[in-house]
Amino acid sequence: MEKRQYHTEMDDIIKMLPSDPPPKLLLHSCCGPCSTAVLECLTPHFEILLLYYNPCIAPADEFARRVETQRQLLDAMTPVHPITLLVPPYVPEEYLRAVGDAMDTPEGGERCRRCIAQRMEEAARAAAAYGCEWFTTTLSVSPHKNASYINQCGERLAGEYAVRFLPSDFKKRGGYARSVELSRSYGLYRQDYCGCLRSLAEAEARRLQRGAGDNGNTHK
């Protein structure tokens, strides 16, 4: 079976959209830096409700820092159509319940799949509640996220919540590199771990490994 090209499917949908008024899109944002290139791509075509729902992020001060980074980006942008930020209360217990016994699985495994599914379901629910015609997520801009799984989740939830899902693979056509470039241009804080405590521990282990490698090189 030929692999689906979600980014071209999105292009085809956008070509058919009305422009006046633009349709409303609920966009789940995993973080400010990832949302840069995605918003640049979507704001010419949609009025956007940007949902910052990420109970996976830990600790609490990191969550607050990432929310502030998201606000910093929106304050700096001049979008074609309005962007409204929605930040639900930080309830990390919601993430723990969703992940359950998969907490100790590796990065990219069942832990991450459950986390993605939980955040996307909240996006679909919010899209229906706020009267948005479409929903999608910034998650596929990351080279570490499985775009096929993300889109499968979105299509399933579209049926459950009666909201259209916008297929996407935002990393394509240099989307991830563009997000890095824009983040630097806007002076945004770029975190070095996905968000949860397990990913933080893995990031700290990588830092220690790099440090040990640097020390070894120094003594050669």
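Below is a summary of the structure that appears in this document. (Residues numbered from 1 in each chain as written. Predicted model: local features only at pLDDT ≥ 70, side-chain atom pairs only at ≥ 80, totals over all residues. Heavy atoms only, no water.)

Points about the nonpolar core
For step 1, the next point in the chain: Core analysis: the biggest nonpolar cluster contains 44 residues, and L26, L39, L42, F46, I48 and F135 have the highest contact counts within it.
For step 2, the next point in the chain: Ranked by residue count, the leading element in this core is helix α5 (residues 110–129), at 7 residues.
For step 3, the next point in the chain: Every residue in contact with L42, bar those within four places of it in the chain, is listed here: M10, I14, L25, L27, I48, T136, L166 and F170. (Core = buried A, V, L, I, M, F, W, Y, C linked by side-chain atoms within 4.5 Å. Buried < 20%, exposed > 50% of the residue type's maximum accessible area, 1.4 Å probe, protein only. Helix = DSSP H or I, 4+ residues; strand = E, 2+ residues; numbered from the N terminus. Contact = heavy atoms within 4.5 Å.)

Some words on unusual backbone geometry
For step 1, the next point in the chain: The linkage connecting D20 with the following residue, P21, adopts the cis geometry, with an omega of 0°.
For step 2, the next point in the chain: Even without being a glycine, A162 presents a positive backbone phi close to 55°.
For step 3, the next point in the chain: Here A162 lies in the loop between α6 (147–161) and β5 (164–165).
For step 4, the next point in the chain: Unlike most non-glycine residues, R173 shows phi in positive territory, near 55°.
For step 5, the next point in the chain: Taking relative accessible area as the criterion, R173 reaches 56% and is therefore assigned exposed.

Some points on the pairing of strand β4 (residues 134–137)
For step 1, the next point in the chain: A two-sided burial pattern is seen for β4, the buried positions comprising W134 and T136 on one face and F135 and T137 on the other.
For step 2, the next point in the chain: By the bridge criterion, 4 bridges tie strand β1 (residues 24–28) to β4 in an arrangement that is parallel. Each residue of the ladder has a partner; that of H28, found in β4, is T137.
For step 3, the next point in the chain: Two strands pair when backbone bridges link them, and β4 and β5 are joined in this way by 2 bridges, in the parallel orientation. Looking at β5, one finds that F135 is bridged to F165.
For step 4, the next point in the chain: Handedness of the β4-α6-β5 crossover: right-handed. (Pairing = 2+ DSSP bridges. Right-handed = clockwise from strand over helix to strand, strands pointing away.)

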